[in-house]
Amino acid sequence: MTDRNRNEQVSQGHDPKSRLRLGVGKRYTGRHGVFRSTVLHRLQVVLNNRSASQPPGQGIAEDELNRQAALFMNAIDHAFLLAEQNVTRRDKNPLFWNLRDAFITRDIKGLTKELQYSFQSFVVRQTFSKELEDNQKRLLDFRFPHEWFPATRTMQRTIHVHVGPTNSGKTYNALKALENSKMGVYAGPLRLLATEVYQRLTAKGRPCALITGEEVRIPEDTDQYFSSCTVEMVPLNTKFDVAVIDEIQMIADPERGNAWTTAVLGVQAKEVHLCGEDRTVPLLQALCASIGDKCVVHRYERLSPLKTMDSAIKGDYSNLQKGDAIVAFSRLSLHVLKRNVETATGRRCAIIYGSLPPEVRVQQAALFNDPNNDYDFVVASDAIGMGLNLEIRRVVLESITKFDGNQNRLLTYPEIKQIGGRAGRYRTAQSAVGVNAEEAEKEKVGLVTTMDQADLRNVERAFQKKVNDIEYASIQPPAGIVERFASYFPPDTPLSFILMRIKAAATVGPRYRLNISSDVLEIADIIQDLPLTIYDRLTFCYLPVALRAEGAVDVLRALARVVGNNSAGDLLSIKEIPLEFLEVKMEDYPGGSQEYLSKLEALHVAINQYLWLSYRYAGMFASQALAFHVRHLVEEKLISTLDRLDFTEEQLEHKRKNKRRQARSRDISRKAIGEEDGHELEQEHEQDDAQLPASSGKGEKLSGGGQHEKPIEVGSM
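Bear in mind the structure is a predicted one, so any value in this text is a computation, not a measurement. (Residues numbered from 1 in each chain as written. Predicted model: local features only at pLDDT ≥ 70, side-chain atom pairs only at ≥ 80, totals over all residues. Heavy atoms only, no water.)

Asker: Requested: an account of helix 9 (residues 191-203), with residues and values cited.
Answerer: If you check helix 9, its first and last C-alpha atoms are 18 Å apart, about what 13 residues at 1.5 Å a residue would give, namely 18 Å. Those residues of helix 9 lying buried are Leu192, Leu193, Ala194, Thr195, Val197, Tyr198 and Leu201. Looking one or two residues beyond helix 9, the residue adopting positive phi is Gly205, at roughly 80 degrees. (Helix = DSSP H or I, 4+ residues; strand = E, 2+ residues; numbered from the N terminus. Expected span 1.5 Å × (residues − 1). Buried < 20%, exposed > 50% of the residue type's maximum accessible area, 1.4 Å probe, protein only.)

Asker: Let's hear about the nonpolar core: which residues, and what values?
Answerer: In terms of nonpolar packing, the biggest core is built from 124 residues, with Ile245 and Phe540 touching the most fellow members. By residue number, the principal contributor to this core is helix 22 (residues 593-614), which donates 10 residues. Among the nonpolar cores identified, the runner-up in size contains 44 residues, and Phe226, Ala365, Ile392 and Ile400 belong to it. (Core = buried A, V, L, I, M, F, W, Y, C linked by side-chain atoms within 4.5 Å.)

Asker: For the sheet that holds strand 10 (residues 306-308), give the residues involved together with the corresponding values.
Answerer: In space, the six strands of this open sheet follow the order 10-17-14-11-13-12, with parallel pairing throughout. The strands lining the two open edges of the sheet, one partner per strand, are strand 10 and strand 12 (348-352). The sheet shows a mean angle of 25 degrees between the axes of neighbouring strands, taken without regard to direction. (Pairing = 2+ DSSP bridges. Axes fitted to C-alpha atoms, helices over the stretch in contact; angles between N-to-C directions.)

Asker: Give a detailed account of the side chain of Thr401, specifying residues and quantitative values.
Answerer: Following the sequence through the fold, Thr401 ends up in strand 15 (residues 401-403). Only 2.9 Å separates the side chain of Thr401 from the side chain of Ser399, close enough to count as a polar contact. (Polar contact = N/O pair within 3.5 Å; in protein donor to acceptor, adjacent residues only side chain to side chain.)

Asker: If you had to explain the pattern of salt bridges to someone new, which residues and values would you point to?
Answerer: Two side chains of opposite charge can pair, provided their charged atoms sit close to one another. For the structure shown, the criterion picks out 31 salt bridges. In this structure, a network of salt bridges that share partners links the residues Lys176, Glu179, Arg200 and Lys204. (Salt bridge = Lys/Arg side-chain N within 4 Å of Asp/Glu carboxyl O.)

Asker: Help me get a handle on the pairing of strand 4 (residues 208-212), residues and values and all.
Answerer: Most of strand 4 sits inside the fold, with five of its five residues counted as buried. Sheet topology places strand 4 next to strand 5 (residues 215-217); three bridges connect them, and they run antiparallel. Directly across from Ile211, in strand 5, lies its bridge partner Val216. Between strand 4 and strand 5, which follow one another and run antiparallel, lie two residues.

Asker: So, the side chain of Asn93: which residues are in play, and what are the values?
Answerer: Locating Asn93 in the fold gives a position in the loop between helix 4 (62-84) and helix 5 (94-125). Among the polar contacts made by the side chain of Asn93, one reaches the main-chain carbonyl oxygen of Val87 at a distance of 3.0 Å.

Asker: An account of empty space enclosed by the protein is requested, with residue identities and associated values reported.
Answerer: On inspection of all chains with the given rule, the structure shows four cavities of 30 Å³ or more. Quantified by volume, the second largest cavity comes out at close to 50 Å³. Breaking the lining of the second largest cavity down by element, the ones donating at least two residues are helix 10 (257-266) and helix 11 (281-291). Looking at the lining of the second largest cavity, the element that brings in the most residues is helix 11, giving four residues. Within the lining of the second largest cavity, the residues separate by chemical class into eight nonpolar, no polar and two charged. (1 Å grid on protein atoms, 1.4 Å probe; cavity = no way out; pocket = protein on both sides within 12 Å on 5 of 7 lines; lining within 4 Å. Points joined across faces, edges and corners; volume = space filled by probe spheres on them. Nonpolar A, V, L, I, M, F, W, Y, C, P; charged D, E, K, R; others polar.)

Asker: An account of the packing of aromatic side chains is requested, with residue identities and associated values reported.
Answerer: Within this structure, the stated rule accounts for 16 aromatic pairs. Between Tyr610 and Phe621 the ring centres are 5.4 Å apart and the planes differ by 90 degrees, which places this aromatic pair in the edge-to-face class. With Tyr610 in helix 22 and Phe621 in the loop between helix 22 and helix 23 (624-644), this pair connects stretches of sequence that are 11 residues apart. For the pair shown, Tyr610 and Phe621 are each scored as buried. Each residue in the set Phe35, Phe80, Phe96 and Phe103 is aromatic and connected to the rest through ring pairs, giving one cluster. Note that Arg513 overlies the ring of Tyr472, its terminal NZ or CZ placed 4.0 Å from the centroid. One Lys or Arg, Arg616, reaches over the ring of Trp612 and ends 3.6 Å from the middle of that ring. (Phe/Tyr/Trp six-rings, centres within 6.5 Å; stacked < 30°, edge-to-face > 60°. Lys NZ or Arg CZ within 6 Å of the ring centre and 35° of its normal.)

Asker: If you had to explain unusual backbone geometry to someone new, which residues and values would you point to?
Answerer: Of note, Asn86 is a non-glycine position whose phi angle comes to about 65 degrees, a positive value. Counting through the fold element by element, Asn86 comes out in the loop between helix 4 and helix 5. A positive phi angle, near 50 degrees, is found at Asn566, a position not held by glycine. For Asn566, the position within the fold is in the loop between helix 21 (552-564) and helix 22.

Asker: Explain the packing of helix 8 (residues 170-179) against helix 9 to me, and be specific about the residues and the numbers.
Answerer: Look at helix 8 against helix 9: their axes get within 12 Å of each other, and the N-to-C directions meet at 45 degrees. With respect to helix 9, the element helix 8 is oriented oblique. Between helix 8 and helix 9 lies a crossing whose hand is right-handed. Contacts from Tyr172, Leu175, Lys176, Leu178 and Glu179 in helix 8 reach Val197, Arg200 and Leu201 in helix 9. Across the contact of helix 8 with helix 9, the residue classes tally to five nonpolar, no polar and three charged. (Parallel < 35°, antiparallel > 145°, perpendicular 65-115°, else oblique. Left-handed = near helix turned anticlockwise from the far one by under 90°. Contact = heavy atoms within 4.5 Å.)

Asker: Tell me what's going on with the sheet that holds strand 8 (residues 268-276), and back it up with residues and numbers.
Answerer: Strand order in the open sheet formed by eight strands is 5-4-6-3-7-8-2-9, with mixed pairing between adjacent strands. Taken across any chain shown, the strands that pair with only one partner, and hence form the sheet edges, are strand 5 and strand 9 (294-299). Across the sheet, the axes of successive neighbouring strands diverge by a mean angle of 15 degrees, strand direction being ignored. Note: strand 3 (residues 184-188) against strand 7 (residues 239-245), four bridges, orientation parallel. Counterpart to Ala187 in the pairing with strand 7 is Ile245. Most of the contacts of helix 9 go to strand 4, to which it runs at about 175 degrees, and overall it touches strand 3, strand 4, strand 5 and strand 6 (226-230).

Here it is as structure tokens:
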């Protein structure tokens with residue numbers, strides 16, 4: 001056979017492996033050429049793995065597999081042809097959209113998974129009759145998610161939308177409406193905020209329940225009470241006079257946005273108060289119009305002016321001023337900053353983040369807010385951007401990158417504006433007594449800066465740039481629909497495949513987007529071989545996890561086995577949860593302080609998982625009281641350990657530069673596939689960091705994305 005004939009035969013799909021080899025080696029032109037080469041290379045990996053893992057005599061015959069692979073490659077070619085013609089919308093070019101979305105959000109690993117599911121789905125579709133496909137299509141009609149809440153649709157609700165910049169009083173006014181009602185519910189993104197509202201209502205003599213994924217406190221002396229919840233835990237079967245749903249812009253978040261959508265569409269309250277950013281208004285008005293609810297928009301202006309500074313702190317703690325809040329994104333960074341600030345200034349520094357015990361958080365906030373002591377500074381997580389009551393004059397961003405569970409990324413402009421916007425709340429009326437008018441007016445101005453000069457330009461751009469409106473609300477497939485859809489497939493079909501098939505086949509309205517997170521798919525695969533129902537599998541898929549932590553997968557499987565085998569889940573009998581580590585002292589641990597900290601944090605996550613499950617499988621995970629006690633011991637040990645860690649400012653600066661480099665790499669990935677929307681670091685940043693060595697010995701461990709680098713403010717389900 002001549003080379004020309006051979007190439008023609010390959011191009012017609014008769015030999016997909018040869019065709020892939022030619023495709024991978026070919027240099028594609030066009031806007032998406034680099035991405036196309038990447039897709040073909042990963043498809044080659046997927047097909048090779050599938051051939052290697054398929055036992056002889058089982059599954060699809062090799063000839064049929066080759067035929068399906070050739071047809072799938074034709075589909076990829078067509079998808080990229082459309083993309084080069086600027087047809088990239090999900091409804092017009094779903095295959096390209098899904099591949100691009102997977103690569104942007106989860107990098108190469110996510111793209112490989114997406115190709116695996118897409119090809120598997122492509123093969124399975126060929127076995128369904130048209131009638132069966134039509135039945136599935138009807139089941140997966142997600143155009144009208146409000147129909148999932150029939151009891152709520154019988155109500156005539158009034159939706160009050162409170163929007164404005166940070167520090168404009170919008171949440172304050174919504175909470176006043178809540179306090180003036182007979183029975184109401186608050187829903188926020190963090191346990192920390194739910195606890196703050198719970199304490200506020202209780203202090204005012206209003207009985208209140210606290211409901212988060214890992215803790216439930218119900219008033220014992222009455223059956224009429226308010227509720228303060230994390231948003232995933234809003235009671236949808238209870239009728240309220242008033243509901244307040246905070247940080248409504250998170251309705252578009254791919255990971256958690258479904259909880260906000262569910263709360264907005266499903267909460268049974270006569271008045272619903274939604275608090276958040278102005279860019280949510282068009283979407284919320286459209287949702288209200290579609291379900292017949294009255295929508296009233298309340299717009300607010302900042303109570304004090306806000307400005308970005310011309311220079312950064314530059315790692316010199318002598319530049320800090322009383323009333324400064326340094327914001328960082330990992331527990332390790334916060335404690336190291338606290339220690340370094342106190343050592344360099346001789347003044348005290350409060351510390352606040354979500355997993356601190358509530359009593360400690362309240363105490364630390366009070367110490368910082370009191371002008372008559374030596375607590376001049378506070379180091380805090382980005383939870384301060386979500387409404388914590390702190391009297392901050394200036395916000396200092398330790399970094400503008402954040403580990404999002406998968407990779408380090410740049411903060412978005414709305415995130416920077418929300419965090420920086422907490423500045424300017426310096427002094428309450430009580431603490432301002434004795435201050436002259438000129439000084440008081442000066443202190444009202446909120447200031448924002450950064451630790452490194454390299455980050456300041458991006459902060460300036462964030463406050464100058466108008467952010468686009470939010471266009472859609474995030475949804476996830478309801479458990480009942482997943483169970484019914486799974487019945488179309490053999491009993492051993494992986495749940496991850498079923499979920500991806502739902503995502504690919506569902507019809508979604510223009511105001512909604514169906515999201516299934518990478519963690520959900522990964523958890524589904526980890527527990528696939530265990531004897532669990534679809535409902536139980538889905539429950540575990542939404543268990544708070546840190547899969548990269550040491551022993552996390554073993555703990556997850558051990559907890560799932562308890563449910564699968566319907567066995568006793570006493571805390572002391574689950575050997576995968578390393579309770580014995582509580583007896584180990586840091587100075588006696590041979591692995592060093594960083595590894596010791598990681599093990600403590602992994603134990604903390606495991607105990608929280610046990611508590612989360614104890615509210616869903618009370619009969620199996622019965623050691624709840626013991627788990628609360630153990631969690632308290634772990635938290636005390638964590639705080640003690642973090643306070644003793646000793647890192648220099650040079651190591652912290654190295655860590656920040658490494659994060660910027662990783663975030664820049666993510667932006668390069670976006671540009672490589674034609675995504676120009678992400679805001680990249682300025683050229684001057686690249687010059688600032690260009691002289692850094694790839695590794696710097698002593699500081700290298702600190703820069704790694706270990707367990708301590710996970711987002712530390714996570715709401716409970």
